[in-house]
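The lines below spell out each chain.
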Protein chains: 2
Amino acid sequence: MDSAKPSLDLVRSVTDVHVLRALMRHRRLTRAELAAQIGISKPTAGESVRRLTERGLVADTGERTPGGRGRGRVGSYYALAPAVGVALAVTIAPEGVVAECLDVYGDALARTMREVDRPARPDHVAAALRSAAAEVRDAADHPVRATVVSAADPVDRATGRLVQLPDAPFLVGELDPVAVLAPFAGGPVVVDNDVNWAASAERDSAGAEHLRDFAYLYLGEGLGCAIVNDGEIRRGRSGLTGEIAHLVTAGPGGRAVRFIELFGELGLRRHGSTAIDVGRLLGSGATTREVIGTAVAGVVAAVIALADPQEVVVGGSWGPALLGDIGAATARLPRHVPVRATALTGEPVMAGVRAAALDHLRASVTADG
Amino acid sequence: MDSAKPSLDLVRSVTDVHVLRALMRHRRLTRAELAAQIGISKPTAGESVRRLTERGLVADTGERTPGGRGRGRVGSYYALAPAVGVALAVTIAPEGVVAECLDVYGDALARTMREVDRPARPDHVAAALRSAAAEVRDAADHPVRATVVSAADPVDRATGRLVQLPDAPFLVGELDPVAVLAPFAGGPVVVDNDVNWAASAERDSAGAEHLRDFAYLYLGEGLGCAIVNDGEIRRGRSGLTGEIAHLVTAGPGGRAVRFIELFGELGLRRHGSTAIDVGRLLGSGATTREVIGTAVAGVVAAVIALADPQEVVVGGSWGPALLGDIGAATARLPRHVPVRATALTGEPVMAGVRAAALDHLRASVTADG
DNA sequence: CTCTTCAAGACAAGAGCCCTGACTAGAATC
DNA sequence: GATTCTAGTCAGGGCTCTTGTCTTGAAGAG
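Everything quoted here is computed from the prediction, not taken from an experiment.

J.: Teacher, can you tell me more about the protein's contact with DNA strand D here?
T.: Near DNA strand D you find 24 residues, and of these R31 and S76 of chain A together with R12, T15 and R73 of chain B are the closest. The sugar-phosphate backbone supplies 64% of the atoms of DNA strand D found within 4 Å of the protein. A32 of chain A has a polar backbone atom sitting 3.2 Å from a phosphate oxygen of DNA strand D. K42 of chain A has a polar side-chain atom sitting 2.9 Å from a base nitrogen of DNA strand D.

J.: I tried to follow the relation of the copies chain B and chain A on my own but got confused; where do I start?
T.: Each of the two chain copies can be generated from the other by rotation about an axis followed by a shift along it. Mapping chain B onto chain A calls for a screw motion: a turn of 180° about the axis and a shift of 0.0 Å along it, with 0.1 Å RMSD after fitting. Put plainly, the chains are arranged around a two-fold axis. Interface overlap between copies: 100% of the residues of chain B at the interface are likewise at the interface in chain A, consistent with a symmetric, same-surface contact.

J.: How do you make sense of the packing of helix α9 (residues 286-307) of chain B against helix α10 (residues 323-330) of chain B when you look at a structure like this?
T.: Describing two packed helices takes the angle between their axes plus the distance from one axis to the other. Residue and element names in this part refer to chain B. Where α9 contacts α10, the two axes come as close as 8 Å, and the packing angle between them is 55°. By the angle between their directions, the pair α9 and α10 is classed as oblique. Like other packed secondary-structure pairs, α9 and α10 cross with a definite hand, here right-handed. Contacts between α9 and α10 involve R289, E290, G293, T294, V296, A297 and V300 from the former and D325, I326, A329 and T330 from the latter. Along the lines of polarity and charge, the residues of the contact of α9 with α10 split into five nonpolar, three polar and three charged.

J.: Sorry if this is basic, but what is going on with the packing of aromatic side chains here?
T.: One pair of aromatic rings is described through two measures. These are the centre distance and the angle between the planes. Within the structure shown, the criterion is met by four aromatic pairs over all chains. Clustering of aromatic rings is evident, with ring pairs tying together F259, F263 and W318 of chain A.

J.: How should I be thinking about the interface of chain B and chain A in this particular structure?
T.: One frequent convention defines the size of an interface as the accessible area lost when the parts assemble. Contact with chain B, which involves 59 residues of that partner, is made by 59 residues of chain A. Of the roughly 4,500 Å² buried between chain B and chain A, counting both surfaces, carbon and sulfur atoms make up 57%. When the buried area of chain B at its contact with chain A is split by residue, P6, R237 and L306 of chain B rank highest and sum to 16% of it. Counting the contacts that link chain B with chain A gives four salt bridges.

J.: What is the right way to read the pairing of strand β8 (residues 214-219) of chain B from this model?
T.: Regular strands place side chains that alternate from one sheet face to the opposite one. Residue and element names in this part refer to chain B. Counting buried positions over the six residues of β8 gives five, a clear majority of the element. Between the end of β8 and the start of strand β9 (residues 223-229), which pair antiparallel, lie three residues. Where β8 lies against strand β13 (residues 311-315), five bridges are found, and the strand directions are parallel. Looking across to β13, one finds that F214 is bridged to E311.

J.: Even after reading the chapter, I still don't get the environment of A179 of chain A, so can you show me in this structure?
T.: Residues and elements named next belong to chain A. Its location among the elements puts A179 in helix α5 (residues 177-181). Exposure remark for A179: the relative accessible area of 47% places this residue in the partly exposed category. Distance from A179 to G160, taken between C-alpha atoms, is 9.1 Å for residues 19 residues apart in sequence.

J.: Explain helix α11 (residues 348-367) of chain A to me, please; I cannot follow it from the model alone.
T.: In an α-helix, one turn spans 3.6 residues, which is why side chains three or four residues apart end up on the same side. All names here are of chain A. The first and last C-alpha atoms of α11 sit 29 Å apart over 20 residues, in line with the 28 Å expected at 1.5 Å per residue. For α11, the set of buried residues is M350, G352, V353, A356, A357, L358, L361, V365 and T366. Where α11 is buried, its residues touch α1 (8-26), β3 (86-93), β4 (96-102), β5 (108-115), β6 (144-151) and α6 (194-204). Downstream of α11 by one or two residues, D368 has phi in the positive range, about 30°.

J.: Mind showing me how you'd approach α6 of chain A here?
T.: Residue and element names in this part refer to chain A. Within α6, 10 of the 11 residues are buried, which leaves the element mostly enclosed by the surrounding structure. Of the positions making up α6, those classed as buried are D194, V195, N196, W197, A198, A199, S200, A201, E202 and R203. One side-chain oxygen at the N-terminal end of α6 lies 2.9 Å from the backbone nitrogen of V195; it belongs to N193.

J.: When you look at the protein's contact with DNA strand C in this model, what are you seeing that I'm missing?
T.: Near DNA strand C there are 25 residues, and of these R12, T15, T44 and R73 of chain A together with S76 of chain B occur at the shortest range. For DNA strand C, the fraction of protein-proximal atoms (within 4 Å) that sit in sugar or phosphate groups is 67%. Within the side chain of T15 of chain A, an N or O atom sits 2.6 Å from a phosphate oxygen of DNA strand C. Within the residue set of the surface near DNA strand C, elements represented by two or more residues are α1 and α3 (42-54) of chain A together with α2 (31-38) and α3 (42-54) of chain B. With four residues, the top contributor of residues to the surface near DNA strand C is α1 of chain A. Split into classes, the residues belonging to the surface near DNA strand C amount to nine nonpolar, eight polar and eight charged.

J.: Looking at this model, I keep getting lost on the side chain of E221 of chain A. Mind explaining?
T.: Residues and elements named next belong to chain A. You can see E221 is positioned in the loop between β8 (214-219) and β9 (223-229). Judged by relative accessible area, E221 falls into the buried class, the value being 19%. Within the structure, E221 has its side chain in polar contact with the side chain of R270 (distance 3.4 Å). Discounting chain neighbours no more than four positions away, the residues touching E221 are R118, P169, L171, R270, A275, I276, V278 and S317.

J.: Teacher, can you tell me more about the sheet that holds strand β13 (residues 311-315) of chain A here?
T.: Residues and elements named next belong to chain A. One open sheet accounts for five strands, arranged β10-β9-β8-β13-β14; its pairing is mixed. Strands with a single pairing partner mark the edges of an open sheet, and in this sheet they are β10 (232-233) and β14 (339-341). As judged from the six bridges shared by β8 and β9, these two strands associate in the antiparallel manner. Residue pairing across strands places L217 opposite C225, the latter belonging to β9.

Reading the values: the criteria
- Along each chain, residues carry numbers from 1 onward, in the same order as the chain's sequence is written.
- Labels follow written order: the first chain is A, the first ligand is 1, and so on.
- Local features in this predicted model are restricted to residues of pLDDT 70 or higher, and side-chain atom pairs are both shown and tallied only at a pLDDT of 80 or more, whereas totals for entire chains, interfaces and linings draw on every residue.
- Side-chain measures here rest on the full set of heavy atoms in the structure, leaving out hydrogens and waters.
- Throughout, near means a residue has at least one heavy atom within 4 Å of the molecule or strand.
- Polar contact is the term for a pair of N or O atoms within 3.5 Å; when the atoms are in protein, one must be able to donate a hydrogen and the other to accept it, and sequence-neighboring residues count only if both atoms are side-chain atoms.
- Fitting of the copies onto one another was done by least squares over C-alpha atoms, counting residues only where both copies have pLDDT of at least 70.
- Working rule for contacts: check all heavy atoms of both residues, and any pair within 4.5 Å makes them a contact.
- Only the contacting stretch of a helix is used when fitting its axis, a line to C-alpha atoms as for every element, and angles between N-to-C directions run 0 to 180 degrees.
- For helices the rule is a DSSP run of H or I covering at least 4 residues; for strands it is a run of E covering at least 2, with both sets numbered from the N terminus onward.
- Roughly parallel here means an angle under 35 degrees, roughly antiparallel means over 145, roughly perpendicular means 65 to 115, and every remaining angle is called oblique.
- Handedness of a crossing is defined here by the sense of rotation of the near helix relative to the far one, left-handed for an anticlockwise turn of less than a right angle and right-handed for a clockwise turn.
- Note on residue classes: Ala, Val, Leu, Ile, Met, Phe, Trp, Tyr, Cys and Pro are nonpolar, Asp, Glu, Lys and Arg are charged, and everything else, Gly too, is polar.
- Aromatic rings from Phe, Tyr and Trp, taking only the six-membered ring of Trp, are treated as a pair when their centres fall within 6.5 Å; an angle between ring planes under 30 degrees marks them as stacked, one over 60 as edge-to-face, and anything in between as tilted.
- Put simply, buried area is the surface a 1.4 Å probe can reach on two separate parts but cannot reach once they are joined, added for both.
- Whenever Lys or Arg places a side-chain nitrogen within 4 Å of a carboxyl oxygen from Asp or Glu, that contact is recorded as a salt bridge.
- Per-residue accessibility, obtained with a 1.4 Å probe over protein chains only, is compared with the maximum for each type, and a residue is labelled buried under 20%, exposed over 50%, and partly exposed between these values.
- The rule for pairing is simple: two strands pair if DSSP sees at least two bridges between them.
- Working rule for helices: expected span equals 1.5 Å times residues minus one.

This is the structure:
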C-alpha cells in the first residue's frame, strides 16, 4: 500500500505476502528455501511460516525431501493450505454453460458443462448455471474465494447484468449472473463479455509479452471488439466498449451505413433474428466479400483513430476466413496497422476467464483477512 | 512498492514519504502538527524531520507560530526546502510558446511567452522554446526536476517527437522537444499533444470528480480527440489515439467519407493548406452545418462504440459553436450519450500541463534519491 | 512585572521485527 | 559408526515505532 501508516506491522505483513507468493510459484518449499527465495533470513522465514500456519493459510505437507539432493538434514515442506480456497471460472454461451473450479496454482480441480436449447431461454440458462456451479464447487469442497464469468452478450459494468443493445442479437438473454451465482460465491463475482476474455487470453499468450495495445475484432454471429490499452482491457463507462454494431462505415456503392445494417442489406442476417448467418456469409461470392472487407476496413479505421493499436487481431467464426479481403481493404488506409488472425486454439475465452479467476483468487489470499 | 523487500528501512521510508506529502499539502507544519496529521508519534515525526533536513529536502522556516492559537510553547515551522526543485510547464502552439516554472505547491514562480511567425518554422520554434525555458528556469534558480510539454501536433509516444500524419495540418512542424529541452531539464521530459492536456484539465475540473470515462472532441483548425478511460488519458501504441481525421463517417448525400475529406468537399479548408478555415466554417449556412453535424455524429458513434464514454465534451474553435447541429444529429444515434461544450475557461491546455508537471515534480520528491 | 498555563519538543523505557552468527538436529554418504 | 552437510533454533544486537514523563518557553492573567 502507498497510504498505509508506517508501523512494524507493515513490514511483517510484507514478509507474509512474500512467503505466500513464493508458495504460489513453487507449490512447496522448506523454510530455508523460502528464506533464500525471498531474500530474508531463516529465522524470519520460520516466524512467518508459524504465523501463517496459525492463521490456516499454510500447512506442513508432511513430505520430507523426496529425492536425495545433497546429504544434509531433510527439511519439512510447507505449502498453501486447502483453506485458501478455490475460484470458479464460468462461461455462458448460447450453446451452453461451462464451469471449472481452479485451485490457487491454476489447476482445474473439476469441470462440467450443461447444454442449453437454442434459442436460449434465460430461466433455462440460469438453472444450468446453478447446476454447473454447484457441481464443480461440491467436487472441490473448498471455500470459493472468487468467481469470474464470461457471457456471450454485452455486460453492464456496474451490475454485471447482461444487456440487450438495439439491433444486436441477444444470444443468452436477460440474465443476472451475479445474483444467480451469489449463493455459490464466497467472494467477488466478476462478469465480462466473451470477446474481452478472448482478448485477455491473446494478451497473455506466449510471444505477446510486448503486446500492450491492440484491438481484438470478433466477427461471428454477433459483432464485437475488445480494446486493450496499456495492457488492460478497457471497458468504458458502462462496459460497452467494443459494441461496434452501430459504427458508421463504408457500405455498398460507397454509402455510409451502420456496420450491422450492412449484413441486412446483403441478406446475410438469419431469418427472424438479428444474428448474422455465418454459413451463408462464408458461401458468398468475391464481390460480397470485397464489400464486407471494405466495411471492416472502415471499422479498423475507427479503431486506429480511437485506440491506436499495435495490431488488430481478428477472431470469430467468419473473421479469420475473410482475412484476405479485410487485409486488402485495410492496406488502403492512410495509417497502416498489421491485421492478423488470432493465434489461439482451444478455448481462448475460458483461458482468459481462468487467468482472471486465478488472479482474483491469489489477490484474495495475499490481501486476506 | 509491492515487491520491496521487507525490512525496517521500508517503514522508515514510508514515514518520510508521509512527512513530505503532508508538507506538500500544508506548506508548513510543526513537528507536533506533522505527527497529528500523519497519525504517528511525536518522536517519530521529529526523527523523520531530522533525517529529511539532513538530506536537504526539508528546512526550518525560522517562523515560530505567528498568531496566538493557544498559549503553550510555540513550535518551529518546517517546510520543503527550495532544493526540492521546480518543474517546467511548456506549451507549443503555432501562435507561440509559453513556459512556466512551478514550485512544488503548484504556484507559478515565473512565466514567459514567445510569439512565432505563422506558418511556424521548426528552427524558429526551437529557438523560442530554448529562450523561454532558459528565462523561466533562471528566474526561479532552483533545480528543474520535471518538464512537461504540450504540442499542437501529434506526438510520438516513444520519442516525444512531433509527427506529421497524412492529410492533417502540421501546425508546429518537425520538432524534438525532448532534445531541445534536455539541457534545461534535470529530470524526465514528458510530451503530449494539446488535446490530451485539455482533456486532462477537464477531468480534473471542479464538479467532474466522477468523470472517469469520457471523450474530448477537439474541433478547430485541426481535428482531434482525447479518450479518458478509467480516469487516465489513453495514448495507445504510438501516442496517436484520437487522431480522427481518417475516421469513416457519413458525408453529403449519405456517402461514406473520411472525416477530414468532408471539409475539403465543402470548400472549408484553407487555401494551400490542410487546415480547416474556421472563419468560413462559422459563416456557413444551415445546410452545411447540418452536414457537418451529421458527420460529427458519425465520429461520436465511433467514440461510443470504441470508448463507451459517460459523456462527450466538445472543444476547439468551432466545435462548441456547432453544438446545436451536433446534438441534433447525435440524438438520432441508437445509443445516447450526452454531448456538451467544455466548461473550462482560461487556458485549459496549460492547466492540464501544470497539473501533470506538479505530479511529476512531487513524485520526484517522494521517490527522490 | 511576576506567576500561571499549556503545548512543543526532548528523553527514556519498552515492544516488535529483522539480521548475523553460533549452535543443535538429523539423514545420507563414506 | 564416523563424517558431512543442511534444516531449523537460539541468542545477541540494531533499528523503528510507541507510550509516557520531563523540560522548555512564549502567551496570558493578575
